[in-house]
Amino acid sequence: RIIVAMLVTVSGFSTTEFLLRQYKSNGIQADFALRRLSPKNRSIRRLALVRPFGTSSASSLAQTFEDWATHLPCHMGAKEEEEVEIDLFLSFSQTYKASLDAAKSVTDLIDNFNAQTSSWAKCFRSIRAIEANIPAEEDLYLPNEISRNAKWVNGPNRQFSAAVRSITSGAFNEYDVMFVMEGDCVPVKEYWLEALLEEAEESFGVFGPFAIL
């Protein structure tokens, strides 16, 4: 089972329908049975936090993490039995091979993560780079053309679809939760990731395996 929490612009795109198709193709059962969970019976054990970015923000990707140092995602001394495995995915809309800026930004972030030079790195088990492989001419985000171009948000939509395929493929882990956190989703208080987990846990217990935020 997987919960999907997202902050992403979607137009002309049925997210729930796509997810159900994706679940079925990966043999995942979408169970909507109502359940109530006690704090001692945590259902969420594995979370994938996806950070999507495109060519326009590739060179400044590291700057979007600066607020994480000011507002830490988590407490640093959680008890082992209460910990949730959290992996950070850097999702590029095109390919790293075709973008030197994207490749350099991701390499620097991964090197800093492995060296534990960023305080927030301790909140995550690992950091990974994934790519959506969208052709440049189809990687579109044109909000000024919303009324005349049906593909104005084609890039983010396809990038989201590619991220869901990667996370649900089982190649990295068997995740319970996927959270899509775009670059303009900025934390304003400490331990925001723990707050998100609590919100997702409540939604899981009440509504089943979908938490679309």
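Just so we're clear, the structure is a prediction, and the values are computed from it rather than from any experiment.

Here we come to the pairing of strand 3 (residues 85-92). Of all eight residues that make up strand 3, seven are buried, and the element is covered over most of its length. For strand 2 (residues 46-53) and strand 3, the ladder comprises eight bridges, and the chain directions are parallel. If you follow Leu49 over to strand 3, its bridge partner there is Leu88. As paired strands, strand 3 and strand 4 (residues 126-131) are joined by six bridges and run parallel to one another. Counted as the bridge partner of Leu90 is Ala129 from strand 4. Crossover strand 3 to strand 4 through helix 3 (residues 100-114) is right-handed.

Looking now at the environment of Ala132. Within the element layout of this structure, Ala132 appears in the loop between strand 4 and helix 4 (154-168). Overall, Ala132 belongs to the buried group, its relative accessible area being 14%. Along the sequence, Ala132 and Ala163 sit 31 residues apart, while their C-alpha atoms lie 7.1 Å from each other. If sequence neighbours within four positions are ignored, Ala132 has contacts with Phe92, Ser93, Gln94, Gln159 and Ala162.

Quick look at the confidence of the model for the protein now. When pLDDT is averaged along the protein, the result is 80, and 73% of the positions lie at 70 or above. Confidence scores differ between elements of the protein, with strand 1 (residues 3-6) showing the lowest mean pLDDT of 48 and strand 4 the highest of 97. With pLDDT under 50 throughout, residues 5-17 is counted as low confidence; its partners more than four residues away or in other chains account for 35 contacts. The low-confidence segment residues 28-39, where pLDDT is below 50, has 30 contacts with residues more than four positions distant or belonging to other chains.

Analysis parameters
Residues numbered from 1 in each chain as written. Predicted model: local features only at pLDDT ≥ 70, side-chain atom pairs only at ≥ 80, totals over all residues. Heavy atoms only, no water. Buried < 20%, exposed > 50% of the residue type's maximum accessible area, 1.4 Å probe, protein only. Helix = DSSP H or I, 4+ residues; strand = E, 2+ residues; numbered from the N terminus. Pairing = 2+ DSSP bridges. Right-handed = clockwise from strand over helix to strand, strands pointing away. Contact = heavy atoms within 4.5 Å. pLDDT = per-residue confidence, 0-100.

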